[in-house]
Amino acid sequence: MLDIKFIREHMEELKNAIRNKGVDLDFEELLKSDKEHSKLLQEMEGLKAEKNELNESMKKVKTDDERKEIIEKGKKIKESLDELEPRYKEVSLAFKRLMVRVPTIPSKDTPIGKNGDDNVEISRWGEQKKFDFTPKDYMQLGKDLDLVDMDKGAKVAGFRGYYLKNEGVTLVMAMMMYAINKMIEKGYKPFIPPTLVNSFPLFGSGYFKGLDYNPEIDEIYQIASSDKEVTGEISKDKKFLVGTAEPSLLAYYSDEVLKEEDLPIRSFGFSQCYRSEIGSYGKDTKGMYRVHEFMKVEQVVISKADVGESTKLQEEMVAIAKEIHEELGLPYRVIQLCTGDMSAGKYRAFDIEAWLPVSDRWAETGSASNFVDWQARRLNVKYVDKNGEKKFAYLLNDTALPSVRPFLAILENYQQKDGSILVPEVLQKYMGGKKIITVIPAKAGI
RNA sequence: GGAGGGUUGGCCGAGCGGUUUAUGGCGCUAGUCUUGAAAACUAGUUGGGGGAAACCCCUCACAGGUUCAAAUCCUGUACCCUCCGCCA
């Protein structure tokens, strides 16, 4: 969401942003709607001013005739208002529907492109491992060591369901504990936020593409609450499952006015994450790469409204994600997202991708985004600056560590010739000192 | 899940159709007094939007409705509190 005044003053840049980002919005229609909306609003205000004046004059009324006259006048105003109001409501809703689609103008250094193919690699770390034996992919390793069960997952949870078992459990929990402790060490404030939430945190952080939830395009699960259904209309009691801790963490500060001296606020959340993957039919259909639920440690920062400052904070978060990958010994690359691969609200975004040496692919294991004030306007997150002026904060987020994909990367990167897997050193203390995962025959099977 | 009670500005708390441009208090911000502070006194102080300004509109949990007129009446929803039931 942007300020309408800003939109009127930056039409060319916004038209470019809409085109480059591939946003579904007719800008000319928005301008038309804005004019119509302003005109009606002014008309309404005029009538309401008249009404208020009339009500005021009723206080000084002395005779019944005066009284009758005022009531007659009032009735006429009411008629005009009754006529105008439904039109105004219609127009202002249409206007709002267009307004929420207006994107952030991306940073100057954002590459212009259509989709993921046009993203630009910025840096690489680590060697892409070559094996002097025939390595197994993560599916085979997970099966052989009895760490993962996709068949039972599909049976119980459907397509993209999975079970973690044995050291699959302790390794993933160790990764999470490691990331949690890393974030605390970096001075970030820990949260376990709600994952079952109302609609506004998701709308506010930009997870609905329009004004309302649309199950056709929004990758969010809605929870049915049939007992609250009233005469076919779904009540406002709708609940949703978050895809990341970000919406809950941001909404924590919604409708708040923070103090500049308390910024930046560095926080992070550990949560289960749910993805409907509605737009991903046919993508990554095999394996455990794209799943409906996983765990994640997510960084969230609230910055003052300063591009330089927020850029520094974004780089700080990316540096933490890199450090985590390095300490886990996972080769990675950092890419900058092009305009076409960015969602509407993002100003500047980077992905981090870990290398899967056997699957022979980069796996997206993190995404760092600066939304500047776009999310803050929707969520109403403000702060008072040194001059006592209220401003919308800049909101940023980045993955610290998700559970599944880095787990897959560890399996492939840390496998030994004998089929065992070494535990990354930083995780050993969270696994009771365990250094290696091997097959114990008794453990195999059910 | 059931039954009651509640939601008013930064906080407490009155108001229950038009003397409310929301009484009063606390807090906060100025000023007077004071060497300085406290106290006292005086003034300002809900928030959002529009406008160069004067000023205007909206805002008493939210959304509808009744009325010439709604913080006030009606309906629905959300949240909080108390009690009962069920429950990890």
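### Some remarks on the overall build of chain A
- A count of helices and strands for chain A gives 13 helices and 18 strands.
- Judged by the C-alpha coordinates and their principal axes, chain A covers about 100 × 50 × 40 Å.
- A burial count over chain A gives 37% of its 446 residues as buried.

### So, the sheet that holds strand β8 (residues 256-259)
- Taken together, three strands build an open sheet; the order of strands is β8-β14-β15 and the sheet is mixed. Two strands lie at the open edges of the sheet, namely β8 and β15 (390-392), each paired on one side alone. Neighbouring strand axes in the sheet, compared pairwise and without regard to direction, differ in orientation by 35 degrees on average.
- Across three bridges, the pairing between strand β14 (residues 381-384) and β15 is antiparallel. Bridge pairing links V384 to K390 in β15.

### Thoughts on the environment of Y88
- The residue Y88 is located in helix α4 (residues 64-99) in this model.
- Considering only alpha carbons, one finds Y88 and M150, 62 residues apart in sequence, at a separation of 54 Å.
- Residue contacts for Y88: discarding those within four places in its chain leaves L40 and M44.

### Quick notes on helix α2 (residues 11-21)
- Three or more residues of α2 are buried, namely L14, A17, I18, N20 and K21.
- Summarising the contacts, the buried residues of α2 are in contact with α1 (4-9) and α3 (27-58).

### Some thoughts on the sheet that holds strand β6 (residues 221-223)
- One open sheet holds the three strands; their spatial order is β5-β7-β6, and the pairing between them is antiparallel. Both edges of this open sheet fall to β5 (196-197) and β6, since each of them pairs with a single strand only.
- Pairing analysis gives two bridges linking β5 to strand β7 (residues 239-241), with the strands arranged antiparallel. Across the sheet, residue L196 finds its bridge partner in β7, namely L241.

### Some points on the environment of M99
- Counting through the fold element by element, M99 comes out in helix α4.
- Given 20 C-beta atoms within a 10 Å radius, M99 is considered buried.
- As a C-alpha pair, M99 and F27 span 72 residues in sequence and 9.7 Å in three-dimensional space.

### Points about the pairing of β14
- One ladder, built from four bridges, connects β8 with β14; its direction is parallel. In the sheet register, E256 faces β14, and the bridge partner there is V381.
- Taking the residues between adjacent antiparallel strands as the criterion, β14 and β15 are bridged by five residues, where G388 takes a positive phi near 80 degrees.

Thresholds, definitions, all that
Residues numbered from 1 in each chain as written. Chains lettered and ligands numbered in written order. Predicted model: local features only at pLDDT ≥ 70, side-chain atom pairs only at ≥ 80, totals over all residues. Helix = DSSP H or I, 4+ residues; strand = E, 2+ residues; numbered from the N terminus. Buried ≥ 20, exposed ≤ 12 C-beta atoms within 10 Å, placed from the backbone. Pairing = 2+ DSSP bridges. Axes fitted to C-alpha atoms, helices over the stretch in contact; angles between N-to-C directions. Contact = placed C-beta atoms within 7 Å.

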